[in-house]
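Single-letter residue listing:
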Amino acid sequence: MSLPDFETPLGTDTALIVLDVQKAIDNPRWNSKNNPGYIDAIAKLLTAFRAANLPIIHIRHEEANPASSFYVNGPGQPFKDEALPVDGETVITKTVNCAFIGTDLEQHLRDRGIERLIFTGVVIHNSMDVSIRAAHCLGFECHLPLDATTAIDVTDTNGKTFAAQDVFDLYAAVLASEYCTLTQSKNVITALPG
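Within every chain, residues take consecutive numbers counted from 1 along the sequence as written. Whole-chain, interface and lining totals are the exception, using all residues; otherwise, since this is a predicted model, local features are given only for residues with pLDDT of at least 70 and side-chain atom pairs are given and counted only at 80 or more. As a rule here, side-chain values come from all non-hydrogen atoms in the structure, and water together with hydrogens is ignored.

With respect to the secondary-structure elements, Q77 resides in the loop between β2 (56-61) and β3 (90-94). The residues contacting Q77, other than those within four sequence positions of it, are Q22, R60, H61, E62, E63, F70, Y71 and V72. Secondary structure counts use DSSP, requiring at least four H or I residues in a row for a helix and at least two E residues in a row for a strand, with both numbered from the N terminus. The contact criterion used throughout is that any non-hydrogen atoms of two residues lie within 4.5 Å.

Next up, the structure:
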């Protein structure tokens, strides 16, 4: 898929959001992921944002339900090695799917004059979807590099399973229809300063 480049260079009003990139996503229940290179794209974006000295915000999900792979006291809590925060990077903890509910994420962004968000992480049809929609409704400019996120198979209440790629494509289309601009990580990196 060919996606447009950024019309203006990315600057200090831009932040990279790294959503729920925790060891929980390696639990077998997530094995149907499409886009297996998503974590490599996130790692490249992290390297590029660090080199450009632009803000990076890591969102950690702490689930109260012990059955969840993101359970607060479970083995899935740590960030994946490829997406570990470094000194000076913000870490915000959420307890529900949306990164803006019950957190200080919006205030953090407003206080720093951040208006443009580059969303990466997992998964497009859950926390990514609801967080992008909320960000859009709050007035932020949202971009989603498609190679830096993923989906898994979804089974409906009638037992019909939708393949991860179909779920991914549908959610990307819906998000692009109103809530964000789709892009690729290489386009983001090219638009970074210096």
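We are not done yet, so read on.
In this section: the nonpolar core. Ranked by internal contacts, the top residues of the largest apolar core, which has 31 residues, are F100, L117, F119, I124, I132 and L144. Taken together, the elements giving at least two residues each to this core come down to β1 (14-19), β2, α2 (105-111), β4 (116-121), α3 (127-137), β5 (141-145) and α4 (164-178). With residues near it in sequence (within four places) discarded, I132 still touches F119, C142, L144, L175, Y179 and C180. The term nonpolar core refers to a set of buried residues drawn from Ala, Val, Leu, Ile, Met, Phe, Trp, Tyr and Cys, joined through side-chain atoms within 4.5 Å. Relative accessibility decides the category of a residue: with a 1.4 Å probe and only protein chains considered, values under 20% of the type maximum give buried, values over 50% give exposed, and everything between is partly exposed. Grouped together as the second largest cluster of nonpolar side chains are 29 residues, L10, V21, I42 and F49 included.

On to the packing of α3 against α4, then. For the pair α3 and α4, interaxial distance at closest approach is 11 Å and the crossing angle is 5°. In terms of orientation, α3 lies roughly parallel with respect to α4. Counted together, D129, I132, R133 and H136 of α3 and Y171, V174, L175 and E178 of α4 form the full contact between these two elements. Every axis in this analysis is a line fitted to C-alpha atoms, fitted for helices over the stretch in contact. Angles between the N-to-C directions lie between 0 and 180 degrees. These descriptions rest on fixed angle ranges, namely under 35 degrees for roughly parallel, over 145 for roughly antiparallel, 65 to 115 for roughly perpendicular, and the rest for oblique.

Attention shifts here to α4. Helices are assigned an expected span. That span is 1.5 Å times one less than the residue count. With 15 residues, α4 should reach 21 Å at 1.5 Å per residue; the first-to-last C-alpha distance of 22 Å fits that figure. Taken together, the buried positions of α4 are occupied by A164, V167, F168, A172 and L175. For α4, the angular spread of the buried residues around the axis is 125°, confining them to a single face. Those residues of α4 that are exposed and aimed more than 90 degrees away from the buried face are L170 and S177. Arc, as used here, means the arc of the directions from the helix axis to the C-beta atoms.

Take unusual backbone geometry next. The bulk of non-glycine residues show a negative phi, and the bulk of peptide bonds are trans. Phi at D20 is positive, roughly 60°, even though this residue is not glycine. For D20, the location among the structural elements is in the loop between β1 and α1 (38-51). Of note, N53 is a non-glycine position whose phi angle comes to about 55°, a positive value.

Time to look at the layout of surface pockets. Space inside and on the surface of the protein is sampled on a 1 Å grid over the protein atoms alone, with a cavity defined as a set of points where a 1.4 Å probe fits but cannot get out and a pocket as an open set with protein on both sides within 12 Å along at least 5 of 7 lines; lining residues have an atom within 4 Å of a point. Grid points are joined across faces, edges and corners, and a volume is the space filled by probe spheres set on the points. Estimates place the volume of the largest pocket at around 200 Å³. Forming the boundary of the largest pocket are 13 residues, of which W30, H61, S68, F70 and N126 lie nearest the centre. Of the residues belonging to the lining of the largest pocket, the class tally is 4 nonpolar, 6 polar and 3 charged. In the scheme used here, Gly and all other residues not listed as nonpolar or charged are polar, with Ala, Val, Leu, Ile, Met, Phe, Trp, Tyr, Cys and Pro taken as nonpolar and Asp, Glu, Lys and Arg as charged. For the lining of the second largest pocket, the class distribution of residues is 5 nonpolar, 4 polar and 4 charged.

Below, the discussion takes up the pattern of salt bridges. Should the charged atoms of two oppositely charged side chains come close, the side chains can pair. In what follows, salt bridge is the name for a side-chain nitrogen of Lys or Arg lying within 4 Å of a carboxyl oxygen of Asp or Glu. Summed over all chains, the structure comprises 8 salt bridges. For the salt bridge of K23 with D81, the shortest nitrogen-to-oxygen distance reads 4.0 Å. Note that K23 is positioned in the loop between β1 and α1 and D81 in the loop between β2 and β3, a separation of 58 residues in sequence. A salt bridge links R116 to E141; the nearest nitrogen and oxygen atoms lie 3.6 Å apart. You can see R116 sitting in strand β4 and its partner E141 sitting in strand β5, a full 25 residues away along the chain. On the basis of relative accessible area, R116 is assigned to the buried category, the value being 8%. The network of salt bridges with common partners includes D26, K80 and E82.

Read these as layout, nothing more, since geometry by itself doesn't imply function.
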